[in-house]
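One-letter residues, chain by chain:
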Amino acid sequence: MISNLKLIIILREPISRELSFYNLKKSLYSATPDIDEWFGDIAFDNGTLMTFDQYSDLIVKDQVANPSWKHIGKYIDHLRRWITMFSRDQLLILSHEELLNDVGKSQERIQEFLG
């Protein structure tokens, strides 16, 4: 059964991905300003929202340096594991930019991949 499985992997440039995640947290925090929620790390202790630059310097930099954080954002670690579990013809890797900039080509690649 697993030999019939096909995975489509979409990778996004890391800074854009983190900015998108920051904007999601900011939106959630604006609706429910609680620093104890999972998205509360975008605010200072006094409740003031951090800018993306402040968030990057104070939060993301420490996360990236933390070995236990690697499961979240280092694509290469995931890809290495997946290529040991699946044959290359079971994996289609696309970039987020490709999906946005050339929808037709992306659809063709996906259709060809799925058969």
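Up top is the structure.
Here the structure is a predicted model, which means the values were calculated and not measured.

**Q** Can you tell me about helix α2 (residues 52–65), naming the residues and giving the values?
**A** Under the 1.5 Å per step criterion, the end-to-end length of α2 is 18 Å for 14 residues, consistent within 8% with the ideal 20 Å. For α2, the principal kink sits at Ile59 and spans about 35°. Inspection of α2 places Phe52, Tyr55, Ile59 and Val60 among the buried residues, and these make up the whole buried set. Buried residues in α2 make contact with α1 (14–31).

**Q** So what about the environment of Tyr29? Which residues, and what values?
**A** In this structure, Tyr29 sits in helix α1. Separated by 14 residues in sequence, Tyr29 and Ile15 have C-alpha atoms that sit 21 Å apart. Not counting the four nearest positions on each side in its chain, Tyr29 is found in contact with Asp34, Ile35, Phe39, Gly40, Ile42, Ala43, Gly47 and Leu49.

**Q** Outline the pattern of salt bridges, listing residues and values.
**A** One pass over the full model with this rule turns up 2 salt bridges. A salt bridge links Asp41 to Lys25; the nearest nitrogen and oxygen atoms lie 2.9 Å apart. Here the residue Asp41 occupies a position in the loop between α1 and α2, and Lys25 occupies one in helix α1, the gap between them amounting to 16 residues. Classification of Asp41 as partly exposed rests on a relative accessible area of 22%. With relative accessibility at 3%, the residue Lys25 sits in the buried group.

**Q** Break down the nonpolar core for me, with residues and values.
**A** Core analysis: the largest hydrophobic core is formed by 10 residues, namely Tyr22, Tyr29, Phe39, Ile42, Ala43, Met50, Phe52, Tyr55, Ile59 and Val60. Looking at this core, the elements with two or more residues in it are α1 and α2. When residues in this core are grouped by element, the largest group, 4 residues, is from α2. Non-local contacts of Phe52, meaning those with residues more than four positions away in its chain, are made with Ile15, Glu18, Leu19 and Tyr22.

**Q** A description of a nonpolar patch on the surface should follow, citing residues and the corresponding values.
**A** On the surface, Ile8, Ile10 and Leu114 cluster together into a nonpolar patch covering about 260 Å² of accessible area. Looking at where Ile10 falls in the secondary structure, it is placed in strand β1 (residues 7–11).

Parameters at a glance
- Residues numbered from 1 in each chain as written.
- Predicted model: local features only at pLDDT ≥ 70, side-chain atom pairs only at ≥ 80, totals over all residues.
- Heavy atoms only, no water.
- Helix = DSSP H or I, 4+ residues; strand = E, 2+ residues; numbered from the N terminus.
- Expected span 1.5 Å × (residues − 1).
- Bend = angle between axes of the 7 residues up to and from the residue.
- Buried < 20%, exposed > 50% of the residue type's maximum accessible area, 1.4 Å probe, protein only.
- Contact = heavy atoms within 4.5 Å.
- Salt bridge = Lys/Arg side-chain N within 4 Å of Asp/Glu carboxyl O.
- Core = buried A, V, L, I, M, F, W, Y, C linked by side-chain atoms within 4.5 Å.
- Patch = residues over 30% accessible without salt bridge, like charges linked within 9 Å, V, L, I, M, F, W, Y side chains within 5 Å.
- Areas by Shrake-Rupley, 256 points an atom, 1.4 Å probe, with all protein chains shown as cover.

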